[in-house]
Amino acid sequence: QSCPPTRPDLLNVHLVPHTHDDVGWLKTVEQYFYGVRNEVQHAGVQYILDSVVAQLVADPSRRFVYAEVAFLARWWRQQDEATRRTVRQLVEQGRLEFVGGGWCMSDEAAAHYGPAIEQLALGRRFLRREFGACGTPRVAWQIDPFGHSRQLAAVFAQMGYDGLFVGRVDHQDKATREQLQEMELLWRASGSLPPPAADLFTGILPNVYNPPSGFCWDQLCSDPPVVDEDSEENNVDSVVSAFLQIAASQAESYRTNHIIMTMGSDFHYENANLWFKNMDKLIAHVNARQANGSRVHVLYSTPSCYLWELHRANLSWSLKTDDFFPYADGPHQFWTGYFTSRPAFKRYERLSNNFLQICSQLEALAGPVAREGPYGPGNSSVLREAVAVAQHHDAVTGTEKQHVADDYARQLAAGWESCQLLVANALASLSGSKENFIFCNGLNISVCPLTEAAGRFTVILYNPLGRRVSWPIRLPVNGASYAVTDPQGQPVPSEVSPGQLPRPPARPAVWELLFQASAPPLGFSTFTVSRLSRGDPRAHPTRTPVLSQPQEIQNEHLRVLFDPLTGHLKEIQNLDKSISLPVFQNFYWYNASVGNDESPQASGAYIFRPNSSEPIPVSNSKRVSTHLVKVGGGDGVPGAGGVPRVLSPQPCLLQNALVQEVHQNFSSWCSQVVRLHAGQPYVELEWTVGPIPVADGWGKEIISRFETTLQTDSRFYTDSNGRQILERRRDYRPTWNLSQTEPVAGNYYPVNSRIFIKDKKFQLTVLTDRSQGGSSIFDGSLELMVHRRLLYDDNRGVGEPLVELGADRQGLVVRGRHLLLLDTVESAADQHRLLAQELFMAPYVVLAPGGGPSYRHGQPSLRQFSALRRELPPNVHLLTLTPWDAGTLLLRLEHQFERGESVNGSQPVTVDL
């Protein structure tokens, strides 16, 4: 209703004044907001919003769009009631329009759909609360992310957005589309939902998100202003002629008599008067030419007004069903490095969302006592906002400066602290006992003072999934044997095993207590652990490298074979299906390009560019030193056989072992444990990489590569934001005729949760615990990039090489897991769908010394709890349970199978709430 009038007989140029305000990049979020450290980059968002509001008030024809709610919400807190009234009025009149509406403008490659939806909901909720219906964005505005995903487009469509505008599209794709007038299209973003449920109108902007050349009037620009007075500097004729030429040229690539121009860029409008005063003049003088027969009409507009005009044109648009990855802005310039950059932060983001879901669920289940309990004020909003900020396209991507990455991690850590208080309050209330809850944040490096010292402690396992889960518990201890009992007091088989190397410096060799725990859906189980014998771990046999290489490990589902000569993984057998596949795995590094005669482009935080298509093995020799650790389980009696046995030369097979491991050492900075837990139908590969050596002057990009005999016909499959699965073909793009300039980097795709290859019968799937770049560079192979350390900046603005020195300034050591599944093609999804959700919303361990007082006088303590009356069906995933308003909860349930990928899993399902 508030859209400005247009001229049906003329070319209408919609000027969209906007600012692009990164929620952290070269400066931290707060530095950007307050305008601190302007020597790094001149930017102060508080002044931008002050200035824009004043300029909008000055003239009712002016328009402005704003996207990043993280900044808006902070600015809103500063404003008095009079200013708030003014802004609400501008929004109601359509003069200030919110686009996107997320807490940030999220990344699309490394962001998982769960937290991506959460951050959209967080921003939209603020806008709805403060501005009502007119404040709710109608248009998705992803103008800077480096490629665009199909799953996120489906999310926008299902959230009711009318359209999506994007800025960055591959240079070949864009050139083709300009020629064919296909810059605007209908994106069919799901193969599982009947159209038009996931159909989204998508517009590709003409200049990424910048103004046309010569028309940048911000204080950060140097284009001449419009001078229309009696002066020798008067330039009206040349400005108008240049503008008309640009408009006519742009119109050739678009189909209607409406075109859009983005008037603004990064952190523009700190002095909004410069922009608006010049645009006022431009509009007046261009439109004055109509009297002389000019066919161009310029107006202030917004993306939704522009979209409304396209809708009224009533055309049918070309259809797109694939996605916009990978993105290249020139030959040899593929933005596929950021799929892996800063792997430690990518993991911390994923873990933080995991803990946020647990925190939100417990807040919903325990009610107000979670916020105001015996342990202090619990608050989930600190972590919720920090996880939302981490979705930003310069946060989880790893494309920010080092001090900004440190600040993102600091925000997450502060969120964990507030949530841990909340979790303690909730667990005390639900279990009925006020324990001294301890959160061992260092379990990933086998550090937990309580379990290392105490003779007795309790382990609480909370399960955020909607179905019961069995989970291996691994705790650092110093005793020789322990007794573990479950919530009913029954003994649980347990073992003590040598801990994993390498160990943090200056720490004694700690052993690990292992047992398999299970927890009910949306609930917890409490286990009691008691030390039986202290023993001196040093008296136990220490691990010695096995002289003859280990041959195989197996459990009831799988057998894994190793090459006796080289120590490499050789074959996987699925015993349930009686199928086997030769699988060779090794670590390699690509030598990072520093630029060459073809192109000066170097590999950096954004861009992956190896100087050769052949990677170099990490291990100098053909042999990998390995040794085998099998932890045998006596006869289920707690602690029996608690002494680890390091077996040599010919391992005897202990079928009832809790865990079997082969430790592989590829080099002083790269090792891996191949692990089979009892009862688990997958192989776990726990890799440890770093510090990557760069003293030789070469940046390195480390991959784990799997080679098989599968006939894959150039095809492999990657997930889209952890949800949909897309087919990829080497050296191919579905929508244009690709001219490939980078045979490795140009075939890398984002792997958020899984990548697989298959032939007619078998499928090999690898699940990841964080976002990584992946590909299949030759048939039968697949690879994942796990870590990278580079010595040059890649010239995309961050101005820093990706070196990540870490706390000890030696370079980061990163540890992660790949879960390997071998199955038939028809039943692969039944396994990988459920397992991926288990990795993403993993159960969480809270510890306590035990013996705490009752929560309320006379209240019995509860050792097991489930919030569900019955489990959810296996194809339904509980994505969100969180408090909303007083007395209301927000529940998100989703069907977690795509159409046609599973005989049973893909069926529709009804849940009775």
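Residues numbered from 1 in each chain as written. Predicted model: local features only at pLDDT ≥ 70, side-chain atom pairs only at ≥ 80, totals over all residues. Heavy atoms only, no water.

Each helix and strand counted, the protein has 15 helices and 42 strands in total. Whereas a compact globule of 913 residues would reach a radius of gyration of roughly 29 Å, the protein reaches 29 Å, a difference of no more than 12%. Summarising its shape, the C-alpha atoms of the protein cover approximately 95 × 70 × 55 Å along the three principal directions. Counting only residues that meet the buried cut, the protein has 63% of its 913 residues in that class. (Helix = DSSP H or I, 4+ residues; strand = E, 2+ residues; numbered from the N terminus. Rg over C-alpha atoms; globule rule 2.2 N^0.38 Å. Buried < 20%, exposed > 50% of the residue type's maximum accessible area, 1.4 Å probe, protein only.)

This next bit is on the state of the cysteines. Per the counting criterion, the structure on display carries 4 disulfides. Each bonded cysteine of the protein gets a number by its place in the sequence, and the pairs then read 1-4, 2-3, 5-6, 7-8. The thiol sulfur of cysteine 134 is not disulfide-bonded, and the nearest other cysteine sulfur, from cysteine 3, lies at 12 Å. (Disulfide = S-S within 2.5 Å.)

Counted under the stated rule, the structure contains 39 aromatic pairs. Where phenylalanine 146 meets tryptophan 335, the ring centres are 5.0 Å apart and the plane angle is 50°; that geometry is what we call tilted. Taken together, the positions of phenylalanine 146 in the loop between β4 (139-142) and α6 (150-158) and tryptophan 335 in the loop between β10 (318-320) and α11 (343-366) put the pair 189 residues apart, joining distant regions of the chain. Note on phenylalanine 146: relative accessible area 2%, which makes it buried. Connected via pairs of aromatic rings, a cluster forms that spans Phe64, Phe215, Trp217, Phe243, Tyr269, Trp275, Phe276 and Tyr300. Above the face of the tyrosine 113 ring, arginine 723 is positioned so that its terminal group lies 5.5 Å from the ring centre. Here the basic side chain of arginine 729 rests over the ring of tyrosine 732, its NZ or CZ set 3.8 Å away from the ring centre. (Phe/Tyr/Trp six-rings, centres within 6.5 Å; stacked < 30°, edge-to-face > 60°. Lys NZ or Arg CZ within 6 Å of the ring centre and 35° of its normal.)

Orientation of helix α5 (residues 113-131) relative to helix α12 (residues 381-390), taken along the N-to-C sense of each, is 110°, at an axis distance of 9 Å. What the angle tells us is that α5 and α12 run roughly perpendicular. Like other packed secondary-structure pairs, α5 and α12 cross with a definite hand, here left-handed. Across the interface between the two elements, Pro115, Glu118, Gln119 and Leu122 of α5 pack against Arg384, Glu385, Val387 and Ala388 of α12. Class assignment for the residues of the contact of α5 with α12 results in 4 nonpolar, 1 polar and 3 charged. (Axes fitted to C-alpha atoms, helices over the stretch in contact; angles between N-to-C directions. Parallel < 35°, antiparallel > 145°, perpendicular 65-115°, else oblique. Left-handed = near helix turned anticlockwise from the far one by under 90°. Contact = heavy atoms within 4.5 Å. Nonpolar A, V, L, I, M, F, W, Y, C, P; charged D, E, K, R; others polar.)

Within α6, 8 of the 9 residues are buried, leaving the element largely enclosed by the surrounding structure. For α6, every residue scored as buried is listed here: Arg150, Gln151, Leu152, Ala153, Ala154, Val155, Phe156 and Ala157. Where α6 starts, the residue carrying a side-chain oxygen 3.2 Å from the main-chain nitrogen of leucine 152 turns out to be serine 149. Glycine 160 lies just past α6 and shows a positive phi near 90°. (Polar contact = N/O pair within 3.5 Å; in protein donor to acceptor, adjacent residues only side chain to side chain.)

Okay, helix α4 (residues 81-92) next. Compared with the 16 Å implied by 1.5 Å per residue over 12 residues, the 16 Å span of α4 between its first and last C-alpha is a close match. Burial in α4 covers these residues: Arg84, Val87, Leu90 and Val91. Projected down its long axis, α4 carries its buried residues within an arc of 120°, all on one side. Turned more than 90 degrees off the buried face of α4, the exposed positions are Arg85 and Glu92. Elements in contact with the buried residues of α4: α2 (45-58), α3 (69-78), β3 (96-98) and α5. Of the residues trailing α4, glycine 94 is marked for its positive phi of about 75°. (Expected span 1.5 Å × (residues − 1). Arc of directions from axis to C-beta.)

Moving on, we come to the pairing of strand β39 (residues 844-848). In terms of burial, β39 is a largely internal element, 5 of the 5 residues being buried. Side chains of β39 alternate between two faces, with Tyr844, Val846 and Ala848 and Val845 and Leu847 buried alike. Pairing geometry for strand β13 (residues 456-463) and β39, over 5 bridges, is antiparallel. Residue pairing for β39: tyrosine 462 is matched across the bridge by tyrosine 844. (Pairing = 2+ DSSP bridges.)

Viewed as axis vectors pointing N to C, helix α8 (residues 236-251) and helix α9 (residues 272-288) meet at an angle of 80°, and their least axial separation amounts to 10 Å. Of the possible angle classes, the one that applies to α8 and α9 is roughly perpendicular. Of the residues in α9, those touching α8 at Val236, Val239, Val240, Phe243 and Leu244 are Leu282, His285 and Val286. A per-class count over the contact of α8 with α9 returns 7 nonpolar, 1 polar and no charged.

The next thing to look at is the sheet that holds strand β6 (residues 184-188). Ordered by their spatial adjacency, 5 strands build an open sheet running β4-β5-β7-β6-β10, and the pairing between neighbours is mixed. On the outer flanks of this sheet lie β4 and β10, each paired with one strand and no other. Taken over all neighbouring pairs, the strand axes of this sheet differ in orientation by 30° on average, direction set aside. Alignment of β4 against strand β5 (residues 163-166), held across 4 bridges, turns out to be parallel. For valine 139, the partnering residue across the bridge sits in β5 and is glycine 163. On the sheet, α6 packs against β4, β5, β6 and β7 (199-204) and is oriented at approximately 115° with respect to β7.

This next bit is on the nonpolar core. Membership of the largest hydrophobic core comes to 190 residues, with the highest contact counts inside it found for Leu15, Trp141 and Tyr269. Looking at this core element by element, the count peaks at 12 residues for helix α13 (residues 402-431). Not counting residues within four places of it along the chain, the set of residues in contact with tryptophan 141 comprises Val16, His18, Val65, Ala67, Val99, Gly100, Met105, Phe165, Leu205, Thr262 and Pro303. Among the nonpolar cores identified, the runner-up in size contains 25 residues, and Leu450, Phe457, Val496 and Leu847 belong to it. (Core = buried A, V, L, I, M, F, W, Y, C linked by side-chain atoms within 4.5 Å.)

Looking along the chain, the bond that leaves phenylalanine 325 and enters proline 326 is cis, with omega of -15°. In the segment running from glycine 690 into proline 691, the intervening peptide bond is cis, with an omega of -10°. One non-glycine residue, glutamine 181, adopts positive backbone phi at about 55°. Here glutamine 181 lies in the loop between α7 (171-180) and β6.

Moving on, we come to a nonpolar patch on the surface. On the surface, Leu891, Leu893 and Leu913 cluster together to form a nonpolar patch covering roughly 310 Å² of accessible area. The topology assignment puts leucine 893 in strand β42 (residues 889-895). (Patch = residues over 30% accessible without salt bridge, like charges linked within 9 Å, V, L, I, M, F, W, Y side chains within 5 Å. Areas by Shrake-Rupley, 256 points an atom, 1.4 Å probe, with all protein chains shown as cover. Salt bridge = Lys/Arg side-chain N within 4 Å of Asp/Glu carboxyl O.)

With that settled, the discussion passes to the pairing of strand β32 (residues 724-729). Across 6 bridges, strand β31 (residues 715-720) lies against β32 in antiparallel orientation. Each bridged residue has a counterpart across the sheet, and for threonine 718 the counterpart in β32 is leucine 726. Two successive antiparallel strands, β31 and β32, enclose a turn made up of 3 residues, where asparagine 721 displays a positive phi of approximately 50°.

Chain-level pLDDT for the protein is 93 on average; 94% of the residues reach the 70-or-more range. Taken together, the stretch residues 537-548 has pLDDT below 50 and engages in 29 contacts with residues farther than four places along the chain or on a different chain. (pLDDT = per-residue confidence, 0-100.)

Position of threonine 451 relative to the elements: it lies in helix α14 (residues 449-453). On the accessibility criterion, threonine 451 (0% relative accessible area) is buried. Expressed as a C-alpha distance, the spacing of threonine 451 and alanine 428, which sit 23 residues apart in the sequence, is 20 Å. When residues no more than four places from it in sequence are discounted, the contact partners of threonine 451 are Phe457, Leu475, Pro476, Val477, Tyr482 and Leu847.

Whenever strands of a sheet pair, they do so through backbone hydrogen bonds, lying parallel or antiparallel. Sheet architecture is open: 3 strands sit in the order β8-β1-β9, paired in parallel fashion. Each edge of the open sheet is held by one strand with a lone partner, namely β8 (258-263) and β9 (296-300). Direction aside, the axes of adjacent strands within the sheet are offset by 25° on average. Sheet topology places strand β1 (residues 11-17) next to β8; 6 bridges connect them, and they run parallel. Looking across to β8, one finds that proline 17 is bridged to methionine 263.

The next subject is the pattern of salt bridges. Tallied over the full model, the rule gives 45 salt bridges. One salt bridge connects arginine 347 with aspartate 769, and the closest N-O pair in it is separated by 3.8 Å. One end of the pair, arginine 347, is in helix α11; the other, aspartate 769, is in the loop between β35 (762-768) and β36 (772-775), with 422 residues separating them in the sequence. Between arginine 833 and glutamate 898 there is a salt bridge, and its shortest N-O distance comes to 3.3 Å. Taken together, the positions of arginine 833 in helix α15 (residues 828-840) and glutamate 898 in the segment after β42 put the pair 65 residues apart, joining distant regions of the chain.

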